[in-house]
Amino acid sequence: MHEEYERLIAKLKSIGKEYNWELLDKAYKAAVEAHAGQLRSSGEPFVIHPLQVTYILAEMEMDTTTIVAGMLHDTVEDTSFTYEKNLKNFGEEVANLVDGVTKLAKIPYTNKQEIQAENLRKMFLAMSKDIRVIIIKLADRLHNMRTLKYKPREKQIEIARETLDIYAPLAHRLGIYKVKWELEDLSFRYLHEKEYYDLVEKIAKKRKEREEYIDGIIKTVSDKSRELGIETHIDGRPKHLYSIYTKMKRQHKELDQIYDLFAIRVIVDSVKDCYAVLGLVHELYKPMPGRFKDYISMPKPNMYQSLHSTLIGPEGIPFEVQIRTWEMHRIAEVGIAAHWKYKEGGRQNDALVEKLAWLRQLLDWQKETTDPDEFMENLKIDLFTDEVFVFTPKGDVKCLKAGSTPIDFAYYIHSDIGNRMIGAKVNGRLENLDYELKNGDIVEIITSSASKGPSRDWLKKVKTSQARNKINQWFKKEKREENIERGKELFERELKKHGLSAHQILKQEFFEAAFRKYNFNSIDDMYAAIGLDAISSGKVISRLKEEYRKTLPPEEQKQLLLEDEKKKEPAKKRKERTVPESGVIVKGIDNCLVRLSKCCNPVPGDDIIGYVTRGRGVSVHRKDCINILNTMEDDERLIEVNWYKGKAASYQAELSIKAHDRTHLLMEVTNVIGDAGIPLKAINARTTRNNVALMNLTVEITDTEQLERIINRIKRVPDVFEITRNNK
């Protein structure tokens, strides 16, 4: 057994919690097996890394599941182990945690901009539905940073920058300050080597002097607290180096001017004692104005609580004091991780739950429970459900509205890219433009200078108002003349329906009222809006008619109103009257122009589908029509249609016949059709060089059953060897 594993077990036993020792031992043996023969950059066996990561998790007092997942966190990424193997050996919870850590490892980091870093941090949280995935990842990164000296200089800078931009802020967001501070200091050491060692040297020079100064304050506060009957634990709080460095840079100060370089931390048993000690230190030392913060009555968003005050100590040297309870101290050190520990008897700390207001907003808080394992199972996060995070081909991460498509992505990048877009690749594969983007997708937009601009269909596919507005802007600008022409045509057609002439209604005073209501600046603006389908011509004409009616004598006004009412017949009667001559009903639409397609000549009994054409209503096809099969991808223009059962009508069908040519063949075929009482509308016949007769007939039938009967009769004519229904 490795000494690192023995150290881990000793640490876990010292915590005083119940652990599944058998499962831990099984995980250790699996990690040894999985990483057998692997070495780290330092030359030591690779298994030391998961053991060290697990020890960091043990210091946070994490549960068995998290410890086991920490032991196995690199198995899926670096070995022959699989998700399925972990699922089988360690259960779904462990397998999911390992899988989550593995996925986070694959997220690339390239851009140093703050908005990019923030989007990446959000992506980490969005992809980690269980908060323990982040905690394991932070422990993994902390150990990697501790051993960064074995990496090449270029790699050191890359990893340190990523740590400072992504992982340290994540630790801060989750309130895990102990990890945050160490990550920041280690990153500082590699990113700003000279400044780091200069600061270390300056602090070291005055170390003895500072320790004597702090020890004096600690003794005074400790003695006075004891006199008041308050038990305290006081120590000097070392200010971490990166914090000092950033404060010096931000405030343009030297080391001696940093007030809280000298600091003590006082830990007591109760909140009442916190305020008592605060009163005591304010009596002993003069507080600096404006330097007191009460984070107990007003906790930070990540649950941090303490009293902070800066005071003038002996010899006029400022120092900072932090006062907190033991429970507050645990939360300050390990943040969210602290909530995996419960009071004796397994009962949940109700006071602690009250402090979780921020967590309730961020996490999928399913229910309270007295079972720690069940509680942890429920402590899953579902952040940013309204957002999706995707990459550009260069590795930049972009944040879009959930449900966004490649079209939304294209217009998010630039209007010109959206307008010239002809396709999209997602993760290297061509995808439909209505593909719903998922977290971590790499999206590449394919453009062409020959593109004629966006399609109106895109307006149905996009999810973001930004993309929708840009598409509409393009149509308004690029197609204005076309829209004006189309709008004028629609307007004049609607006028005729209302029985009005342009001379009657196109007057300046009528238009001004409509312009005010619909924000038009000119008649061309009105026509363009109608042509763009931004407003219906009927709505505009109704408004104009109101103004027109006001100018008429009372009798004529009344007559005009009666005519309008007459046109509004009950829907049932209107429906009965508007059944199309084709005998086809379009689902959800009355009074729709319908035509039977000549390419496949559908007849009652055929399975049919409608196709919405531009300006020619609905074209009805057989479902097996080759033209429809070729347009299935454009399915938003397909519409459900049905045969009208109460309609008795005749339909034309084309038949192709092949037969061995002989005398009287054509006469016998036409006699069969005549005997069946079926009208023959057209006939075309010829003979090939191989003496095969080819006949194309058009017959008039009422449904597919009648057509089948005539086909069967023709088949029985001698020498006919093939008969098919035309479907071009």
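Let me sum up the structure you'll find in this document. (Residues numbered from 1 in each chain as written. Predicted model: local features only at pLDDT ≥ 70, side-chain atom pairs only at ≥ 80, totals over all residues. Heavy atoms only, no water.)

## Observations concerning a nonpolar patch on the surface
Reasoning step 1: Side chains of Leu666, Leu680 and Ile683 sit close together on the surface and give an oily, nonpolar patch of about 220 Å² of accessible area.
Reasoning step 2: By the secondary structure assignment, Leu680 is in strand S20 (residues 680-687). (Patch = residues over 30% accessible without salt bridge, like charges linked within 9 Å, V, L, I, M, F, W, Y side chains within 5 Å. Areas by Shrake-Rupley, 256 points an atom, 1.4 Å probe, with all protein chains shown as cover. Salt bridge = Lys/Arg side-chain N within 4 Å of Asp/Glu carboxyl O. Helix = DSSP H or I, 4+ residues; strand = E, 2+ residues; numbered from the N terminus.)

## Observations concerning the pattern of salt bridges
Reasoning step 1: This model, assessed by the stated rule, comprises 24 salt bridges.
Reasoning step 2: For Arg141, the salt bridge identified is with Glu162, shortest N-O distance 2.9 Å. Taken together, the residues span a long stretch of sequence, with Arg141 in helix H9 (residues 131-146) and Glu162 in helix H10 (residues 153-173) at a distance of 21 residues. Across this residue pair, the class does not change: Arg141 and Glu162 are buried.
Reasoning step 3: A cluster of three or more residues bridged by salt bridges with shared partners is formed by Glu61, Glu327 and Arg330. (Buried < 20%, exposed > 50% of the residue type's maximum accessible area, 1.4 Å probe, protein only.)

## Side note on the packing of aromatic side chains
Each aromatic ring pair is described using two quantities: the centre-to-centre distance and the angle formed by the ring planes.
Reasoning step 1: Enumeration according to the criterion identifies 10 aromatic pairs in this entry.
Reasoning step 2: Taken together, a centroid distance of 6.0 Å and an interplanar angle of 70 degrees make the contact between Tyr295 and Tyr304 edge-to-face.
Reasoning step 3: Cluster of aromatic residues (ring-pair linked, three or more members): Phe188, Tyr196, Tyr197, Tyr242 and Tyr245.
Reasoning step 4: Between the NZ or CZ atom of Lys26 and the centre of the ring of Phe90, over which it lies, the distance is 5.3 Å. (Phe/Tyr/Trp six-rings, centres within 6.5 Å; stacked < 30°, edge-to-face > 60°. Lys NZ or Arg CZ within 6 Å of the ring centre and 35° of its normal.)

## Thoughts on the sheet that holds strand S3 (residues 286-294)
Reasoning step 1: Overall, mixed pairing links the 5 strands, which are arranged S1-S2-S5-S4-S3 in an open sheet. In this open sheet, the two edge strands, each paired with only one partner strand, are strand S1 (233-236) and S3. Recorded for the sheet is a direction-independent mean angle of 20 degrees between the axes of neighbouring strands.
Reasoning step 2: As defined by bridge partners, S1 adjoins strand S2 (residues 263-268) across 4 bridges and the pair is classed as antiparallel. When the sheet's bridge partners are listed, His233 is paired in S2 with Ile267.
Reasoning step 3: The sheet strands contacting helix H15 (residues 271-284) are S2, S3, strand S4 (307-312) and strand S5 (318-325), and the helix crosses S5 at an angle near 160 degrees. (Pairing = 2+ DSSP bridges. Axes fitted to C-alpha atoms, helices over the stretch in contact; angles between N-to-C directions. Contact = heavy atoms within 4.5 Å.)

## Quick look at unusual backbone geometry
Reasoning step 1: Phi at Asn601 takes a positive value of approximately 45 degrees, unusual for a residue other than glycine.
Reasoning step 2: Note on placement: Asn601 falls in the loop between strand S14 (594-596) and strand S15 (608-612).
Reasoning step 3: Despite not being glycine, His664 has its phi angle at roughly 70 degrees, a positive value.
Reasoning step 4: Its place among the elements puts His664 in the loop between strand S19 (651-660) and helix H32 (665-675).

## Some remarks on the packing of H9 against helix H11 (residues 177-191)
Each pair of packed helices gets described by two things: the angle between the helix axes and the distance between those axes.
Reasoning step 1: Where H9 contacts H11, the two axes come as close as 10 Å, and the packing angle between them is 35 degrees. Helix-helix and strand crossings are classified by hand; for H9 and H11 the assignment is left-handed. Facing Leu138, Arg141, Leu142, Met145 and Arg146 of H9, the residues of H11 in contact are Val179, Glu182, Leu183, Leu186, Ser187 and Tyr190.
Reasoning step 2: Of the residues in the contact of H9 with H11, the class split is 7 nonpolar, 1 polar and 3 charged. (Left-handed = near helix turned anticlockwise from the far one by under 90°. Nonpolar A, V, L, I, M, F, W, Y, C, P; charged D, E, K, R; others polar.)

## Considering H11
Reasoning step 1: With 15 residues, H11 should reach 21 Å at 1.5 Å per residue; the first-to-last C-alpha distance of 20 Å fits that figure.
Reasoning step 2: Within H11, 11 of the 15 residues are buried, leaving the element largely enclosed by the surrounding structure.
Reasoning step 3: Inspection of H11 places Tyr177, Val179, Lys180, Leu183, Glu184, Asp185, Leu186, Ser187, Phe188, Tyr190 and Leu191 among the buried residues, and these make up the whole buried set. (Expected span 1.5 Å × (residues − 1).)

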